[in-house]
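# Structure at a glance
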Amino acid sequence: MTEMLGQLDGIRRAALDELAQIGELEGLESWRVRYLGKKSRLTGILRSLTDLPLEERRPVGSRANRVKASLQSDFLERKRLLEERHLELSLAHKSLDVTLPGRPIPRGRLHPVTQTLEEICDIFKNMGFQVLEGPEVEWDYYNFEALNIPQDHPARDMFATLWIDSGRSGGARLLRTHTSPMQIRIMETTCPPIRAIVPGRTYRYEATDATHESMFYQVEGFAVDKGVTLADLKGTLFEFCSRLFGRERRVRFRCDYFPFVEPGVEVAIECLSCSGAGCRLCGHSGWIEILGAGMVHPDILRRGDINPEVYTGFAFGLGVERIPMLRYGIDDIRLFYGNDLRFLEQF
Ligand code: DAH
């Protein structure tokens, strides 16, 4: 009998030792099966009580039942403790410390060329121009022919053209080399008075380098009405330049040649880097050319079904990348389209 009682004490001790070591809820169940389950030694002893002589049955039985009851309550106590700890841990994990600094939200921004385009459009919108867009894949007719640049005209050399096909039906197609074809398209669909600007991509078949890209942006301007004169062109472009580059910056008009205007002019601003003294950026001239312009050629008006005896107009075309390049001292046009975030994040 003493042997049986010793066994029961041994079971209790071993069970308590093990129970104390269990640190996770998951470990509890296998302990319960081992010490209190149907196949446990304790259950075995309780079952075999009937085999014992009568005088041994009581003391062994009562000891075994006490061991069982105490292990059961120890088990429940341990379970409660572990559950409590588990809850605390998960609360600590989920809780929010409102005093911590917030995580920065990554914010996108507009491309420097887009920002410039928006600025240009805003200035002209304020002066009563509407913003229109045109196709980048264009007919030879609109890009050249209708703009007084026929097949063998030397002015075609000014435009290294990316041809799309040689045109079996309806003539040849190309990627527009400038936004000027929209002058014709606008006249085909609109009656004067016309005041429009056309921002958009243009393409040239060009070896790329620091100042040349095969794709770049232009903004075309086009105004047709009764009594429009060169003074209106000058006034509009002066105002544009001073809004974009500052009132104090001087603006220069000189004669130039473009087949679709007569007379044609070239507009330059005082160099932003040396303010006219002469430096490497402006080729030591003190001036930087920013756009071409002129009075719309009567041929062009006629092609748009507008009577040049009644109406006159002006047109201009400017390159967009040039502007942020001058402003921020960017010395390579290719940076705009290289998708390098280290460059783009600066704007
Ligand atoms: N289309 C010309 C170019 O890409 C720029 C230009 C010059 C546009 C004179 C005009 C203009 O409207 O009047 O070189």
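Source: prediction; values computed, not measured.

Turning next to the domain arrangement of the protein. Domain parsing of the protein yields domain 1 (2-94) and domain 2 (112-344). Using only C-alpha atoms to locate each centre, domain 1 and domain 2 end up separated by 91 Å.

What follows concerns the site of the ligand. Contacts to the ligand come from 16 residues, most closely from His178, Ser180, Gln183, Gln218 and Glu220. One of the side-chain N or O atoms of His178 is found 2.9 Å from a nitrogen atom in the ligand. Between the ligand and Gln218, the relevant distance is 2.9 Å, taken from an oxygen atom to a side-chain nitrogen or oxygen of the residue. Taken by itself the ligand offers 360 Å² of open surface, and the protein chains cover 92% of this.

This part is about the sheet that holds strand S2 (residues 137-139). Read from one edge to the other, the open sheet built from three strands follows the order S2-S4-S3, with strand pairing classed as antiparallel. A strand with exactly one partner marks an edge of an open sheet, and here the two such strands are S2 and strand S3 (162-165). Shown here is a sheet whose adjacent strand axes are inclined to one another by a mean of 40°, direction ignored.

Under the criterion given, the structure shown has 21 salt bridges. With a closest N to O distance of 2.7 Å, Arg243 and Glu239 form a salt bridge. One end of the pair is Arg243 and the other is Glu239, both in helix H8 (residues 230-245) and four residues apart, which spans about a single turn. Using a relative accessible area of 38% as the deciding quantity, one classes Arg243 as partly exposed. In this structure, Asp332 engages Arg334 in a salt bridge whose closest nitrogen and oxygen atoms are separated by 2.9 Å. A residue is classified by how much of its surface remains accessible, and Arg334, at 34% relative accessible area, is partly exposed.

Take the pairing of strand S9 (residues 287-296) next. For S9, the buried fraction is high: eight of the ten residues fall into the buried class. One ladder, built from eight bridges, connects strand S8 (residues 261-270) with S9; its direction is antiparallel. Residue pairing across strands places Ala268 opposite Glu289, the latter belonging to S9. Note that S9 and strand S10 (residues 312-319) share five bridges and pair antiparallel. From the neighbouring strand, Gly292 faces S10, where its bridge partner is Gly317.

A separate point is the sheet that holds strand S1 (residues 130-131). With respect to topology, seven strands assemble into an open sheet ordered S1-S5-S6-S10-S9-S8-S7, the strand pairing being mixed. Edge positions in the sheet fall to S1 and strand S7 (251-256), since each of these pairs with one other strand and no more. Relative to strand S5 (residues 194-203), S1 runs parallel, the two being bridged by two bridges. Bridging across to S5, Gln130 finds its partner in Ala196. The strands touched by H8 within the sheet are S7, S8, S9 and S10, with S9 carrying the most contacts at an inclination of about 150°.

What counts and how
Residues numbered from 1 in each chain as written. Predicted model: local features only at pLDDT ≥ 70, side-chain atom pairs only at ≥ 80, totals over all residues. Heavy atoms only, no water. Domains from an automatic or database assignment. Near = heavy atom within 4 Å. Polar contact = N/O pair within 3.5 Å; in protein donor to acceptor, adjacent residues only side chain to side chain. Areas by Shrake-Rupley, 256 points an atom, 1.4 Å probe, with all protein chains shown as cover. Pairing = 2+ DSSP bridges. Helix = DSSP H or I, 4+ residues; strand = E, 2+ residues; numbered from the N terminus. Axes fitted to C-alpha atoms, helices over the stretch in contact; angles between N-to-C directions. Salt bridge = Lys/Arg side-chain N within 4 Å of Asp/Glu carboxyl O. Buried < 20%, exposed > 50% of the residue type's maximum accessible area, 1.4 Å probe, protein only. Contact = heavy atoms within 4.5 Å.

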